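# Remarks on the overall topology
Residues per chain are reported as follows:
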Amino acid sequence: MTWQLGRLAAAAVLALGVSATASAQTFRYAFQGDAQSLDPHGLNETFTLGFLGNVYEGLAAYDADLNLIPALAESWEVLSPTKWRFKLRRGVKFHNGNPFTADDVIFSWKRTLTEGSDQKVRGGLISDITKIDDYTIEVETPSPTPTLVRELVWLYIMDEEWAVANGATEAESPKSAETSGKFASLNANGTGPFVIESREPDVKTVFKRAPSYWKEIRSNVQEVVFTPVSQDATRVAALISGELDLAYPIPVQDWDRLEAADGVSPLTGPEARTIFLGMDQARDELLYSDIKGKNPFKDVRVRRAFAHAIDLEAIRKKVMRGASTPTGLMVAPQVNGFNPELNTPYAYDPELAKKLLAEAGYPDGFEVTMDCPNNRYVNDERICQAVAAMLAKVGIEVDVLAQPKSKYFAKVLAQNDYDTSFYLLGWTPGSMDAHNVLQNLLSCRNKETRAGLFNLGGYCNPRVDELTAQIAAETDPDRRQALIDEAFAIHKEEVGHIPLHQQPLSWGVRDGVTVAQRADNVLDFRNVVLP
Amino acid sequence: MAEQLRRPWPRGMIGRLLDSDLFYSFSRSPVTVLAALVTAVMMGAAAFAPWVAPHTPFDLATLDLLDAFLPPAWMPDGDPRYLLGTDDQGRDVLSTIIYGARVSLLVGFAAVFLAMFLGVALGLVSGYMGGMVDAVIMRIADVQLSFPTILIALLIDGVARGLLPRDMHEEMAIYVLIFAIGISGWVQYARTVRGSTLVEKRKEYVQAAQVIGIRPWLIMLRHVLPNVMGPVLVIGTIHLAIAIITEATLSFLGVGVPATQPSLGTLIRIGNDFLFSGEWWITIFPGAALAILVLSVNLLGDWLRDALNPKLR
């Protein structure tokens, strides 16, 4: 008990101390969940990587407008389609004082290929790295990869000496009980502008400005306090009451409330994430349906009927409060390869949907279970419920199984053998290029090349695969765009997925605080300026 | 002979009821009459929901998303088809309340009966047998009493969910809830019944029954039980209110019934998301319905306790 009291007193003193310096340059912000680990190779998730991007860095980076800029590499050149030379930046030091050299790059790449790594897809883009000298490397790729540097933005560089000294040479996965909680999951040592001063997982993380950083940045922030707040209402209330400088996501229905409140405003914009529906087209019989012996989704007429039965405009107006952009493509306008001509959604036409279902042999519809996350995307569960009601009108009985994201992903992803018949998913291509989408979502599933890893419905057209391979190697922008257009047109004609919309970015910011809202929903402290 | 021994039945059940002390005290208390009326109306509406409710809110084919977020009929943008407005999916709030009360009451009654059955049985055995049996049962009761009811219910709910396969959660949710709330409430019954049993057991009629060799369980059931049931009914009524609140709390916390067959607690949880964005009717009306229902049942329970308490006459 006394121990408890002592801890409380210490916490109170600490809180006082923090609030005393708060007026200096402390930036306080909240997100709906915590970073899952401090290991930069443990989890390939946008929030965790964005969070760690303030401490660790890759060879390249994105600026406030998502333009590719040099980071730990000063420059790069393409020697041949499969060979790149990177000039590394001199004079960069890790937070523990060790200099950054080519050995650290090679070590970090090898680390992404170890057992616990969730960055194997990125590591696998490279077949070998040769050290020319301490500040020059040559990178070989197994096949031509024009988007290599964009993918390397998310492959963070770790200090080899530090990792070896602390037994952290293997990536530590937060998904596995054996490795979570080991050294690199709890400690960080990067080259970024901030260091982690203290961290209590799921409670609070405090960042301090690193004593020196190799680059001039806009930010005047000296300290960052991050608190995960899972309840939407609590997060909004904390922002309005002045406990936070920034909170995200803000539920779309609370935008008006933030407008009306003093001293805070909603900061919104289009996110590069596309929300879509997928259908199991691979199995011969659906896992969760009353149709036995065959799979209705194998019939393109059924998939087309689904697409025409969903009223995207109603979802935009009522579920998303006018804040989403209905879409007909699997990529957002910010993504390289987007073509506005192909972006017209399937028309809302329930009569046509009924006719198509009748033609396909299901005049009375059928039953199917829909998997849906309930805390991953903006209003995800409500979208699923609305879709279920719309499909009910054409006779399809949809059972919505909405679960928290940890359970949802554990059920539907490759690790669980794609255990779903009908699902809702969202995707932001990390490289901001259409090839990432074609490769991960639209290619036939292939265990060896890891293509189609997130193609949960198993859509498969060899021609799309062929085009994807050509797009990977094509360097001429016009010819590349034509190939991308052809692939997306085939996919659209065959209704491989049903794109719904791009969801809005929804942040709440204290007046006077300047931040850059990137379309990939990453908060970069380098762009935060306090008044 | 047999004819003469049986008491005459002069004016029928209803006449007897109207003539009783209980009814006299009832009719003299306007608050109680009102509470009884409200309870009867709500229970009636819930029981006959498919005929009473203006819409069937859980038939997806009748929903139109474009009808979502309509305010109550008397407000500027209201629609006369939806008296209390609509929720985020275009469901009629009044109808969801009527169907929701059905689930709430079903869980409440079933949980009370389960708790009553368990509590009375254990209390009888405990009081009548005494000794080790009594000590064990009452110590378990003491331990359980030292925890708040909601905590016990949460614990049982969590364990039950852990034991069941995941895809059965939705369909089993109601039974799990009934079980959890029932188990968490048996102690009150057991303690009361045990106390009364201890008193009754020393009376001559029980001793006489023992002397002529009637088996203990028969004595408990035939002779002791009818004489200890009065207070049990009072506890039962008050417990019904508590059970409904417990169910609403669990559903509000998200561990109760699923959104596909919502109770009042689930409706309040769903509406809570919209409370600050101006759509207050989605949560206020189910909340008010819950408050009125629980208040009425509580008032009835209080009156029953007073009316049956000889000391207060």
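In this report, we go over the structure that sits alongside the text. (Residues numbered from 1 in each chain as written. Chains lettered and ligands numbered in written order. Predicted model: local features only at pLDDT ≥ 70, side-chain atom pairs only at ≥ 80, totals over all residues. Heavy atoms only, no water.)

### Section: the packing of aromatic side chains
All names here are of chain A.
- This structure, assessed with the given rule, holds 36 aromatic pairs over all chains.
- Their ring planes at 70° and their centres at 5.2 Å tell us that Phe-51 and Phe-207 sit as a pair that is edge-to-face. Of the two residues, Phe-51 sits in helix H2 (residues 46-52) while Phe-207 sits in strand E9 (residues 204-209), which places them 156 residues apart along the sequence.
- The exposure class of Phe-51 is buried, given its relative accessible area of 2%.
- Between Phe-94 and Phe-100, the aromatic rings sit 6.3 Å apart at their centres with planes inclined by 70°, giving edge-to-face as the arrangement. (Phe/Tyr/Trp six-rings, centres within 6.5 Å; stacked < 30°, edge-to-face > 60°. Helix = DSSP H or I, 4+ residues; strand = E, 2+ residues; numbered from the N terminus. Buried < 20%, exposed > 50% of the residue type's maximum accessible area, 1.4 Å probe, protein only.)

### With respect to the side chain of A:Thr114
All names here are of chain A.
- Positionally, Thr-114 belongs in the loop between helix H3 (102-111) and helix H4 (120-123).
- There is a polar contact of 3.0 Å between the side chain of Thr-114 and the backbone nitrogen of Ala-171.
- Residues contacting Thr-114, with those up to four places away along its chain left out, are Lys-120, Thr-169, Glu-170 and Ala-171. (Polar contact = N/O pair within 3.5 Å; in protein donor to acceptor, adjacent residues only side chain to side chain. Contact = heavy atoms within 4.5 Å.)

### Details of the packing of helix H6 (residues 93-129) of chain B against helix H14 (residues 281-308) of chain B
Residue and element names in this part refer to chain B.
- The geometry of H6 relative to H14 is characterised by a closest axis approach of 10 Å and an angle of 40° between their N-to-C directions. Accordingly, the angle class assigned to the pair H6 and H14 is oblique. The handedness of the crossing between H6 and H14 is right-handed. For the pair H6 and H14, contact is made by Val-93, Ile-97 and Leu-105 and by Trp-281, Phe-285, Pro-286, Ala-289 and Leu-293, respectively. (Axes fitted to C-alpha atoms, helices over the stretch in contact; angles between N-to-C directions. Parallel < 35°, antiparallel > 145°, perpendicular 65-115°, else oblique. Left-handed = near helix turned anticlockwise from the far one by under 90°.)

### Re the interface of chain B and chain A
- Listed per partner, the contact involves 18 residues of chain B and 20 residues of chain A.
- Taken over both partners, the interface formed by chain B and chain A buries close to 1,900 Å², and the fraction arising from carbon and sulfur atoms is 54%.
- Taken together, chain B and chain A are joined by 2 salt bridges.
- Note that B:Asp88 and A:Arg382 form a salt bridge whose closest N and O atoms lie 2.9 Å from each other.
- Along the contact surface separating chain B from chain A lie 7 residue pairs in polar contact (both at pLDDT 80 or more).
- Looking at side-chain class alone, the side of chain B that touches chain A contains 11 nonpolar, 2 polar and 5 charged residues. (Buried area = accessible area lost by both parts, 1.4 Å probe. Salt bridge = Lys/Arg side-chain N within 4 Å of Asp/Glu carboxyl O. Nonpolar A, V, L, I, M, F, W, Y, C, P; charged D, E, K, R; others polar.)

### Structural notes on the pairing of strand E5 (residues 83-88) of chain A
Residue and element names in this part refer to chain A.
- Only one face of E5 is buried, namely the one carrying Trp-84, Phe-86 and Leu-88, since none of Lys-83, Arg-85 and Lys-87 on the opposite face is buried.
- Examined bridge by bridge, strand E4 (residues 73-80) and E5 share 6 bridges and lie antiparallel to one another. For Glu-77, the partnering residue across the bridge sits in E5 and is Arg-85.
- Between E4 and E5, which follow one another and run antiparallel, lie 2 residues.
- Inspection of the sheet shows E5 paired to strand E7 (residues 136-140) by 5 bridges, in the antiparallel sense. Directly across from Arg-85, in E7, lies its bridge partner Glu-138. (Pairing = 2+ DSSP bridges.)

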